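Listed below, chain by chain, are the residues.
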Amino acid sequence: MKLATILFFASCLCCSATARQLLHNPALLLGKGLLIEGFRTTGDASVGELETSRNETTARGFILDSAKDRDSDGAVSGSVKAAAVNIQPADGRWFRLSIGAYAEEKFQVGQDAIYLQVRFFKDGGKTPVDSIQKSVFPQILGDRDALQDKGVNPSLGQGTWRDYSLMFRTPFPEIDTLQASLHFANGIGKGSSAAFLVNRFELSGAQDPGIFQPNPAPAAKLVVPANLVPLGGRWYFDPNGGAQVVPKQFTHANAGQLLFRSNRFIAPFEGNMHSWLREGYIDANSKIVRQDQPVPDNVVIEVTKEHLIIRSKGLPNHPTAVFPDRSRWLDGNPNYIGEQRLEIYIPLEPQENPSRLAMKNKHNNDHALPMGPIGIANNGIVFFNPFDHIQDEDAVWRLDRCCGHPAPRDLYHYHKYPVCNKTPWSDDGESHSPVIGFAFDGYPVYGPYEAKGIIAWQSKDNPLNGFNVHQDPERGWHYHVTPGHFPHIIGGYWGIPDAKNQRRGGNGPPDGRRPGRLPPPRFGLPPPRR
């Protein structure tokens, strides 16, 4: 595929009525002269390798190094900028600026001086009108504390790929140009591993929140707009001004119309249904991929009277470690990341299980959760229980930065909170976390926060039980992930899991001998030093 074609395709992957992509090259693919087309950098921001290809699949992107004065101007500061032109008021006035980034362990700035900014222009981009900005450093600091796994794998949470975002509305309908940027200043990092690495930069249209805002009071009942079509349980279809006929399937093009009722209406799959077959992965025909290929239909959803049927190719839409792990950067995992043929059944109306059982200890002696898939994230990657193939051993210490790794049948999966998961609303610790996926019993899985600054598993007012579940008036029964705290995702099924998933959930590419297999790793050893 020619570069220009790839660039155009990448730009349109997120396009829909409510999530049109406004920047030319959100995937940060290289253009001529090793530059990232559509963007420019200033000061100490530069383009370069984000990680060595030996360890992590991130390719090139932007580097904001808080320890180096690259342009020798006496200040450690810089920016990344891109413009969106020909903005029309008829297309809506709500937008979302979102980046995928990794704050290395020693990245530091004074006065919280790393922020997302949008400047507004009119008269064809000639007249500046206003601007809005948001510091992301508080989220970086909060993640370092809240997401760390001090007991098993201290490296997890110290530096992770995360989604940082800014929701905004244009101040006037005359606005026709938006300049989106990421700025940093007052860099005070020391030595190596002190950079902020960016591998995705998106500016997309967003649905007018209106009634989609959180409830004004915790116990208030969320009003369901008359135009929404109920699908069952908490699921709705938004016709978005069109016919009230539910589509045969939801794809990346209309994912914003499949809504879930939480404390507001959200589209949990929007922006998460496309991915990539990366070089070194295994495709559905058991062949090694030699060149990155976009996969717009990584996740496709069908709605029946009883189920959300999620068909996923199981390809992560975020950076991963390089597998097989020949360098033993993690634990020598010999498996590839492979394209799958997953078919997951999520009940629209979850039913509590009177015979439910939670894991009573960290050895899974009671088999409260099966091995293999137990749920699915909103990007089509499945959840596993906390244990690896040795059922009494926590799998957390051998996961990559995004908290996943591939199983023997090349199925990439998560054992703990997938910190790289992209959500419709920023999970920055300022409020209750958004939905990140669903267990096989149909109950939603939320991120780690119960409220501003409160991790759910530490909550005293509404504590989680052994299933990692509790309820509130707005969301009903729901799970929370518990980073750094067993059982990490869920501790057992609160509801009745759909039996179809036991037959279908683990289906992957045809069995066969994979080329270049490594000998089995010595899983009994402690993790190698990094």
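Keep in mind that this is a model prediction, so the values were computed, not measured.

A. View of the state of the cysteines. Summed over all chains, the structure comprises one disulfide. Disulfide pairing is shown between Cys402 and Cys420; the S-S distance is 1.9 Å. Here Cys402 and Cys420 share a disulfide; its torsion about the S-S bond, -80°, makes the bridge left-handed. Within this pair, whereas Cys402 is found in the loop between strand 21 (382-384) and strand 22 (404-406), its partner Cys420 is found in the loop between strand 23 (412-414) and strand 24 (435-439), the two being separated by 18 residues in sequence. For the pair formed by Cys402 and Cys420, the shared burial category is buried. No disulfide involves Cys403; its sulfur sits 7.0 Å from that of Cys420, the nearest cysteine. Cys403 gets classed as buried once you look at its relative accessible area, which sits at 1%.

B. How the structure looks around the environment of Ala368. Position of Ala368 relative to the elements: it lies in the loop between strand 19 (342-347) and strand 20 (373-377). Ala368 has contacts with Leu357, Ala358, Met359 and Gly491, leaving out every residue within four places of it along the chain.

C. Focus on the pattern of salt bridges. Counted according to the given criterion, the structure contains 15 salt bridges. A salt bridge links Asp65 to Arg70; the shortest N-O distance between them is 3.6 Å. Here Asp65 falls in the buried class, since its relative accessible area comes to 7%. Between Lys500 and Asp498 there is a salt bridge, and its shortest N-O distance comes to 3.8 Å.

D. Spotlight on the confidence of the model for the protein chain. On average, residues of the protein chain carry a pLDDT of 82, and 80% of them reach 70 or more. Across the protein chain, element-level confidence peaks in strand 17 (residues 299-303) with a mean pLDDT of 98 and bottoms out in helix 1 (residues 3-12) with 33. Low pLDDT, under 50, characterises residues 1-18; the stretch is placed with 47 contacts to residues that sit more than four places away or in other chains. Every residue in residues 504-530 scores below 50 in pLDDT, and together they form 69 contacts with partners more than four places removed in sequence or on other chains.

E. How the structure looks around the environment of Ile344. For Ile344, the position within the fold is in strand 19. Between the C-alpha atom of Ile344 and that of Val382, which follows or precedes it by 38 residues, the distance is 9.3 Å.

F. Here's a closer look at the pairing of strand 28 (residues 469-472). In this sheet, strand 29 (residues 476-480) lies alongside strand 28 in antiparallel orientation, the contact comprising four bridges. From the neighbouring strand, His470 faces strand 29, where its bridge partner is His478. Between strand 28 and the antiparallel strand that follows it, strand 29, lie three residues.

G. Focus on unusual backbone geometry. With an omega dihedral of 0°, the bond running from Phe323 to Pro324 counts as a cis peptide bond. Mapping Pro324 onto the fold places it in the loop between strand 18 (307-312) and strand 19. Residue Pro487 is reached from Phe486 by a cis peptide bond, and omega for that bond is 10°. Its place among the elements puts Pro487 in the loop between strand 29 and helix 3 (500-504). Backbone geometry at Asn86 places phi at a positive 60°, although glycine is not the residue there. By relative accessible area, Asn86 is classed as exposed at 61%. The phi angle at Ser193 is positive, at roughly 55°, despite the residue not being glycine. Here Ser193 shows up in the loop between strand 9 (177-184) and strand 10 (195-205). You can call Ser193 partly exposed: its relative accessible area is 32%.

Parameters at a glance
Every chain begins its residue count from 1, and numbering advances along the sequence as written. Per-residue local features are limited, in this predicted model, to residues with pLDDT of at least 70; the limit for side-chain atom pairs, both in listing and counting, is 80 or more; totals at the level of whole chains, interfaces and linings are taken over all residues. Side-chain metrics in this entry use all non-hydrogen atoms of the structure; hydrogen atoms and water are not considered. Our working definition of a disulfide is a cysteine sulfur pair at a distance within 2.5 Å. Only DSSP runs of H or I covering at least 4 residues are called helices, and only runs of E covering at least 2 are called strands; the numbering of each starts at the N terminus. Residue exposure (1.4 Å probe, protein chains only): buried if accessible area is under 20% of the type maximum, exposed if over 50%, otherwise partly exposed. Any pair of residues with heavy atoms lying within 4.5 Å of one another is described as a contacting pair. A pair is scored as a salt bridge if a Lys or Arg side-chain nitrogen falls within 4 Å of a carboxyl oxygen belonging to Asp or Glu. The score called pLDDT rates the predictor's confidence residue by residue, from a low of 0 to a high of 100. One bridge is not enough; two strands pair if DSSP finds at least two bridges between them.

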